[in-house]
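Here's the letter readout for the chains.
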Amino acid sequence: MDVRPGEIHALIGENGAGKSTLMNILFGMPVIHETGGFEGTVEIDGEDAHIMTPHDAMEKGIGMVHQEFMLIPGFTITENIKLNREITKPTALSKIFGKRLQELEMDKMNADARKALDTMEMDIAEYTMVHGLPVGHMQFVEIAREIDKTGIRYLVFDEPTAVLTETETANLLAAIRRLAAQGIGIVFISHRLEEIISLSDRVTILRDGELVTTKDTKDITAAEIARLMVGRALALDRNESGRKVSDEVMLDVQHLRVNMPGERVQDVSFKVHKGEIVGIGGLAGQGKLGIANGIMGLYPADGRIVFKGKELRLNNTKDALKSDIAFVSEDRKGVGLLLNSPIDLNIAFTAMETEGKFLKKYGPIKLADKKGIRAHADKMIKDLDIRCTSAAQNTGALSGGNQQKVCVARALTQQPELLLVSEPTRGIDIGAKKLILDLLKSLAEEQGMTIVMTSSELAELRSICDRVLIICEGRVAGELKPEASDEEYGLMMSSAHVSKEKEA
């Protein structure tokens, strides 16, 4: 592939297609050379760039905004933006003992940081500490750090909108257009087809580590991109299955309040029937993510939760897990996975801890059943199409979508009666999305599993859920059928709808 100055070039493919590997080569990431290097060349202005380290890439004018944040929480925004590029001035001691004792010129550093933040239209003080910032703000700081560098010619954005709200996403895409207008070549990696269609000039599609095609975006549709990515047509449209939902109430949530920073739940009540798939939607920051986290005891909660006719003790994660409730967190790296452990252990460990599965007893001693763990992991890898070298591969080495599948596999290993799943398709490609959504449907239809699915993707909620609860300002704004109009969903998600309800 080639990228032209001032061009926004989208790169898309299924998880495991090679996007991150290609960008790691471009940015000289150590993992490439630690795992055997690469063949071929990276050329700039027709000459081999010989990029072996990130420092080489930066010297060539290449910047990269990684999918996972690389910020230092205990530093200010300015200190993060100017890290390793600090502006200093000599002192009396530095003239004797060397540059290490020079003094930081904070006024100039703050001015540079302010300029970068203004480019992003980010209205936050540059001296603010990174620790405690919302994830959307952290993403903008990452980008501001790259555009502050001198001589930037190419910028790589790896899933930059995955954690942003709609407003933040719009601001970011506008900022990317401004950067391209300055002659900077942009490589934009995203799974969101609508963003690629609206933003990019050209799109390159990868499949199984190979180039499928590069086309002008104006000459290709979202459906065609999806087909070329996976080699088959995909549809996420609702397919009525005739699933029967029991009259039995499986979960009764009463006046739940959860103190989850950025997703506080003020007062939420709802019921879920056995075998039902209930969706929870709403804008970011309105409290939808706090509901499942509160039920699972991950954040302080109060209220009353009745599960299978018995009151569930709040603020106790182990009790929730032992009650046949499984949870797939929206934070797969922070909560869902042991990144430095193999796939098979990740899949089995919760069931081992809470239910004693995959353990062999030798008198009073219990040891892990390694053969049983491996056999089960191999089955889940096949069933969920987890792209990996083997069940022994470290989970942290997988792509984001495959890590998400491991999270789902871990939850299913518990054989729960109630599955709480939050943002199950965040940051994964359309092929993996369909697989996970089809799996959730089949669990409800074939096994009678009860599912509460929280998602920012309304189209996905409407494709598999029996009904959707919309959360606004920490409360249930209302309930809609999947076939309700876009206008009804939009109005209910807005704070104006809540205001009218309050007035009434």
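The following refers to the structure shown.

Cut-offs and rules
In every chain, residue numbers begin from 1 and rise along the written sequence. In keeping with the predicted nature of the model, local features appear solely for residues at pLDDT of at least 70, side-chain atom pairs appear and are counted solely at 80 or more, and the whole-chain, interface and lining totals rest on all residues. Side-chain numbers here rest on the full set of heavy atoms in the structure, without hydrogens or water. Secondary structure elements are taken from DSSP: a helix is a run of H or I of four residues or more, a strand is a run of E of two residues or more, and numbering for both begins at the N terminus. Only protein chains enter the accessibility calculation, which uses a 1.4 Å probe; a residue is then buried when its area is under 20% of its type maximum, exposed when over 50%, and partly exposed in between. Two residues form a contact once any of their heavy atoms are found within 4.5 Å. Areas reported here follow the Shrake-Rupley algorithm with a probe of radius 1.4 Å; residue values treat only the protein chains shown as occluding. For this analysis, a nonpolar core means a set of buried residues of the types Ala, Val, Leu, Ile, Met, Phe, Trp, Tyr and Cys, connected via side-chain atoms within 4.5 Å. At least two DSSP bridges between two strands are needed for those strands to be called paired. Note on geometry: axes are lines fitted to C-alpha atoms, helical ones only across the stretch in contact, with angles between N-to-C directions running from 0 to 180 degrees. One less than the number of residues in a helix, times 1.5 Å, gives the span that helix is expected to have. Candidate patch residues must exceed 30% relative accessible area and have no salt bridge, after which like charges are joined if within 9 Å and Val, Leu, Ile, Met, Phe, Trp or Tyr side chains if within 5 Å. Salt bridge criterion: a side-chain nitrogen from Lys or Arg within 4 Å of a carboxyl oxygen from Asp or Glu.

A few points about the overall build of the protein
Broken down by element type, the protein carries 20 helices and 22 strands. A principal-axis box enclosing the C-alpha atoms of the protein has dimensions of 75 × 60 × 55 Å. A buried classification covers 51% of the 504 residues belonging to the protein. Counting only contacts in the protein whose residues sit at least 6 apart along the sequence, the fraction spanning at least 24 positions is 66%. Put simply, the protein shows about 23,700 Å² of open surface, and 50% of that area lies on carbon and sulfur atoms.

A few points about the nonpolar core
With 45 residues, the main nonpolar core has Leu412, Leu419, Leu440, Leu443, Ile451, Met453 and Ile470 as its most contacted residues. Counting residues per element, this core draws most heavily on helix α17 (residues 430-447), which supplies seven residues. Here Met453 is in contact with Val278, Gly279, Ile280, Val421, Pro424, Leu437, Leu440, Glu460, Leu461 and Ile464, once residues within four sequence places are set aside. Membership of the second largest hydrophobic core comes to 33 residues, among which are Ile77, Val130, Leu164 and Leu179.

Observations regarding the sheet that holds strand β1 (residues 8-13)
Spatial ordering of the open sheet is given by β4-β7-β8-β1-β9-β10, a layout of six strands whose pairing is mixed. Whereas interior strands pair on both sides, the edge strands pair on one side only; in this sheet they are β4 (62-65) and β10 (210-216). Direction aside, the axes of adjacent strands within the sheet are offset by 20° on average. Both β1 and strand β9 (residues 202-207) contribute to a ladder of five bridges, which runs parallel.

Notes on helix α7 (residues 135-148)
A rise of 1.5 Å per residue sets the reference length of α7, with its 14 residues, at 20 Å; its end C-alpha atoms lie 20 Å apart and thus fit the reference within 8%. Burial analysis of α7 places 12 of its 14 residues in the buried class, which makes it a mostly covered element. Listing the buried residues of α7 in full gives Gly136, Met138, Gln139, Phe140, Val141, Glu142, Ile143, Ala144, Arg145, Glu146, Ile147 and Asp148. Lining the buried residues of α7 we find β4, α4 (77-81), α6 (106-119), β7 (154-158) and α8 (166-181).

Considerations on the environment of Leu11
Summarising the element assignment, Leu11 is placed in strand β1. According to the relative accessible area criterion, Leu11 is buried, its value standing at 0%. Apart from the residues within four sequence positions on either side, Leu11 is in contact with Met1, Lys19, Leu22, Met23, Val187, Phe188, Ile189, Ser190, Thr204 and Leu206.

Topic: the pairing of strand β18 (residues 365-368)
In this structure, strand β17 (residues 359-362) lies alongside β18, joined through four bridges in antiparallel fashion. Its bridge partner being in β18, Leu359 is matched across the sheet by Ala368. In this antiparallel pair of consecutive strands, β17 and β18, the connection spans two residues, and Gly363 shows a positive phi of 65°.

A closer look at unusual backbone geometry
For Asp45, which is not glycine, the phi torsion reads 55° and is therefore positive. Topologically, Asp45 is positioned in the loop between β2 (43-44) and β3 (47-48). Of note in the backbone geometry, Glu423 takes a positive phi value of approximately 45° without being a glycine. Tracing the chain through its elements places Glu423 in the loop between β19 (418-422) and α17. A residue is classified by how much of its surface remains accessible, and Glu423, at 4% relative accessible area, is buried.

Things to note about a nonpolar patch on the surface
A cluster of nonpolar side chains, contributed by Leu93, Ile96, Phe97 and Leu101, occupies part of the molecular surface with about 450 Å² of accessible area. Within the fold, Ile96 resides in helix α5 (residues 92-97).

Coordinates in, geometry out; function isn't part of it.
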